[in-house]
Amino acid sequence: MGNQKTNTFRHMRTVFSSVILATVALYSILTPFSAAASPSCDPTGSLCQIDTLLSLGDSMQQIGAPSISDPSWLKPHVTFTYSIATKGNITADMTEFRQLVNQTLNDARGWSRLNLTFNEVASGGNLTIYLAEALQMTSFSANGCSTSWSCTVGNTIIINQDRWLAATDSWNGGGGNLRDYRNMVVNHETGHWLGHNHLHCSGPGQLAPIMQQQSIDLEGCKVNPWPLDSELWSTRL
Amino acid sequence: MMRYQKKRRMSRQKTTILVIGIIIVACAGIVLKFGIVSAADNNAKTSITTASANLVTFTTGINGVIASTDVPNDQKVIKLQAYVSQVKTLADTICRDQRSTIYYDVLPIHNTCEKAHSQLVDIGTSSAAIYSYITDEIVLSALLPKGSTSNGLSDTYDLWNRTSSLLSAAKVGEEANNIKSSLQKAVDGYRDAWKSLVDANSKQDSSGFNAAKTAVQAAYSSLQSQKDVSITQLDALDTLFTSKYSAFISTTKG
């Protein structure tokens, strides 16, 4: 009885293996013929791949998908607090710095379009905005900050005094003025605090995104001190 | 009496000679005519065969150019224009010598010649239609803006409004009329959706704003689908070309 069972099992295994082998063999034989039978363009009797000369597809690809941020009136109002601080030898006018930071943060063209208000407090607050001597920049973060540029570390924004006083070659060379540079650098670093990473220029002649490193290279874009519509979002809200 | 009989015999001989002469001349004429006809017929056959072979050569050539990754698209379009001229020249020259002879109408190959000529004219016309469509489509594509999403709502609306006007003013041939109107409709729809968004924003109408946002996305998809509409239209022209081509090749084989 046991032998009979074993024989039946062997027989079934042989049949099963044969079917699998036959299927594989049949597939291997038929596949080249199937491929050959598939319709292909005859270059002696048709204009093959003529649709590659069409350009509408390429043009459509260059029209970016619409990215529509909700306007501030559609968002709940949020208030953040910040304090002003300094580090190192500061020669810049601190009253001007304090006023310009506040104006920039609450400007109708800036991050306030997210329905935000930034109120200055004497100390502490949601974030601290430093004006720091260039040599002091790395004391905030050896890797994240450099003596050349401004930076953001956690809830601390550090504006490099050298940049505050003279902007950069890239910015000045692109026709930007110092007042706009100051708006830009405050908005850029605040953008990091709101959750943004760096962006690149979307195309020659376009307005630079605020999160582009415009201090370093405009990449063919026009100088722009304010966030673009497409940048109006924050992970903090 | 004898004299009379002699005179009659001579007259009969003259008549016979005359008749034989006429028959000889007629036979010579017929032989000559059939010789000319036969030669013309053979030349016509050669002309058709040559035209057919040339067409295949030209078509293979343009396909090689189109398939090449080394040739930029604008150069490919110029080559396509040259191909259209080549086909038109073939149509003009096929059976040309035969068509100019006075025996053309009685040539046995007359009908085949006429058919092949007319088919080549059709191939020329259908390839010219493809060229015309492609060049017009390039013109229309160039009117579309690039990287246009970083602007404000009003700026974006203005941009698409200008695009709509440019499209409206663009002149295209008959073949590209459909894609022009289809593209115009899609661009106008996209522009109108942005206008709704601008209006809802200025009224601070939240439901209107959200509806307009959805409409902008839908209109954008519709705009994007125009590339498929264009491919479909070109395919129709290409199918027509291929059918004309096949008809000619089968005629010349027969």
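Residues numbered from 1 in each chain as written. Chains lettered and ligands numbered in written order. Predicted model: local features only at pLDDT ≥ 70, side-chain atom pairs only at ≥ 80, totals over all residues. Heavy atoms only, no water.

Q: With reference to specific residues and values, describe the overall build of chain A.
A: If you tally the helices and strands in chain A, you get six helices and five strands. Going from N to C terminus, chain A has its helices and strands arranged as α-α-β-α-β-β-β-β-α-α-α. Evaluated residue by residue, chain A yields a buried proportion of 41% over its 237 residues. Sequence-distant contacts, at least 24 apart, represent 62% of the contacts inside chain A between residues at least 6 apart. Counting every atom, chain A has about 12,300 Å² of accessible surface; 54% of that belongs to carbon and sulfur. (Helix = DSSP H or I, 4+ residues; strand = E, 2+ residues; numbered from the N terminus. Buried < 20%, exposed > 50% of the residue type's maximum accessible area, 1.4 Å probe, protein only. Contact = heavy atoms within 4.5 Å. Areas by Shrake-Rupley, 256 points an atom, 1.4 Å probe, with all protein chains shown as cover.)

Q: Lay out the overall build of chain B in plain terms, naming residues and giving numbers.
A: Scanning chain B for helices and strands turns up eight helices and zero strands. Reading chain B from its N end, one meets helices and strands in the order α-α-α-α-α-α-α-α. Counting only residues that meet the buried cut, chain B has 39% of its 254 residues in that class. Of the contacts made within chain B by residues no fewer than 6 positions apart, 74% connect residues no fewer than 24 positions apart. Accessible area for chain B stands at about 13,900 Å²; split by element, carbon and sulfur atoms hold 58% of it.

Q: So what's going on with the interface of chain B and chain A? Which residues, and what values?
A: Facing the 56 residues of chain B at the interface are 33 residues of chain A. Summed over the shared surface of chain B and chain A, the result is one salt bridge. Put simply, Asp70 of chain A and Lys213 of chain B hold a salt bridge, and the shortest N to O gap is 2.8 Å. The tally of links from chain B across to chain A stands at 16 residue pairs in polar contact (both at pLDDT 80 or more). Sorting the residues of the side of chain B that touches chain A by element identifies helix 1 (2-67), helix 2 (73-93), helix 4 (110-142), helix 5 (153-169), helix 6 (177-203), helix 7 (206-224) and helix 8 (226-253) of chain B as the ones contributing at least two each. Class assignment for the residues of the side of chain B that touches chain A results in 29 nonpolar, 20 polar and seven charged. (Salt bridge = Lys/Arg side-chain N within 4 Å of Asp/Glu carboxyl O. Polar contact = N/O pair within 3.5 Å; in protein donor to acceptor, adjacent residues only side chain to side chain. Nonpolar A, V, L, I, M, F, W, Y, C, P; charged D, E, K, R; others polar.)

Q: Which residues make up the packing of helix 5 of chain B against helix 6 of chain B, and what values go with them?
A: Residues and elements named next belong to chain B. Contact geometry of helix 5 with helix 6 gives a least axis separation of 9 Å together with a crossing angle of 155°. Taken as axis vectors, helix 5 and helix 6 run roughly antiparallel relative to one another. For the pair helix 5 and helix 6, the crossing hand works out as left-handed. Together, Leu153, Ser154, Thr156, Tyr157, Trp160, Asn161, Thr163, Ser164, Leu167 and Ser168 of helix 5 and Lys180, Leu183, Gln184, Val187, Asp188, Tyr190, Arg191, Trp194, Lys195, Leu197, Val198 and Asn201 of helix 6 make up the contact between the two elements. Residue composition of the contact of helix 5 with helix 6, grouped by class: 10 nonpolar, eight polar and four charged. (Axes fitted to C-alpha atoms, helices over the stretch in contact; angles between N-to-C directions. Parallel < 35°, antiparallel > 145°, perpendicular 65-115°, else oblique. Left-handed = near helix turned anticlockwise from the far one by under 90°.)

Q: Kindly report on the side chain of Thr128 of chain A, identifying the contributing residues and their values.
A: All names here are of chain A. The residue Thr128 is located in strand 3 (residues 127-132) in this model. By relative accessible area, which is 19% here, Thr128 ends up buried. Among all residues touching Thr128, those that are not within four sequence positions of it are Ser83, Ala85, Asn155, Thr156 and Ile157.

Q: So what's going on with the confidence of the model for chain B? Which residues, and what values?
A: Summing up the model confidence of chain B, the mean pLDDT is 88 and the portion of residues at 70 or higher is 89%. The ipTM assigned to the predicted complex is 0.79, against a pTM of 0.62. (pLDDT = per-residue confidence, 0-100.)

Q: Before we move on, could you go through the state of the cysteines and cite the residues and values that matter?
A: Among covalent bonds in proteins, the disulfide is the one between the sulfur atoms of two cysteines. All names here are of chain A. Scanning all chains against the criterion turns up four disulfides over all chains. Here Cys145 is linked by a disulfide to Cys151, with a sulfur-sulfur distance of 1.9 Å. Its S-S torsion of about 90° marks the bond between Cys145 and Cys151 as right-handed, since a negative value means left-handed. We classify Cys145 as buried; its relative accessible area is 4%. Cys151 gets classed as buried once you look at its relative accessible area, which sits at 4%. Put simply, Cys201 and Cys221 are joined by a disulfide, and their sulfur atoms are 2.1 Å apart. (Disulfide = S-S within 2.5 Å.)

Q: I'd like a description of the sheet that holds strand 1 (residues 78-87) of chain A, backed by residues and values.
A: All names here are of chain A. Here five strands make up an open sheet; going across it, the order is 2-1-3-5-4 and the pairing mixed. Among the strands making up the open sheet, the edge pair consists of strand 2 (116-120) and strand 4 (151-153). When the angles between neighbouring strand axes are averaged without regard to direction, this sheet yields 25°. Strand direction decides the pairing type here: strand 4 and strand 5 (residues 156-160), joined by three bridges, are antiparallel. Paired with Val153 across the bridge in strand 5 is Thr156. In the packing of helix 3 (residues 94-106) onto the sheet, the strands contacted are strand 1, strand 2, strand 3 and strand 5, and the crossing angle to strand 1 comes to about 155°. Across the face of the sheet, helix 6 (residues 178-193) comes into contact with strand 1, strand 2, strand 3, strand 4 and strand 5 while running at roughly 155° to strand 5. (Pairing = 2+ DSSP bridges.)

Q: Help me get a handle on the packing of helix 2 of chain B against helix 4 of chain B, residues and values and all.
A: Residues and elements named next belong to chain B. The N-to-C vectors of helix 2 and helix 4 enclose an angle of 160°; their axes lie 8 Å apart at closest approach. The orientation of helix 2 relative to helix 4 falls into the category roughly antiparallel. Pair helix 2 / helix 4 crosses with left-handed handedness. Contacts between helix 2 and helix 4 involve Val77, Leu80, Gln81, Tyr83, Val84, Val87, Lys88, Leu90 and Ala91 from the first element and His117, Leu120, Val121, Ile123, Gly124, Ser127, Ala128, Ile130, Tyr131, Ile134, Thr135 and Ile138 from the second. For the contact of helix 2 with helix 4, the residue count by class is 15 nonpolar, five polar and one charged.

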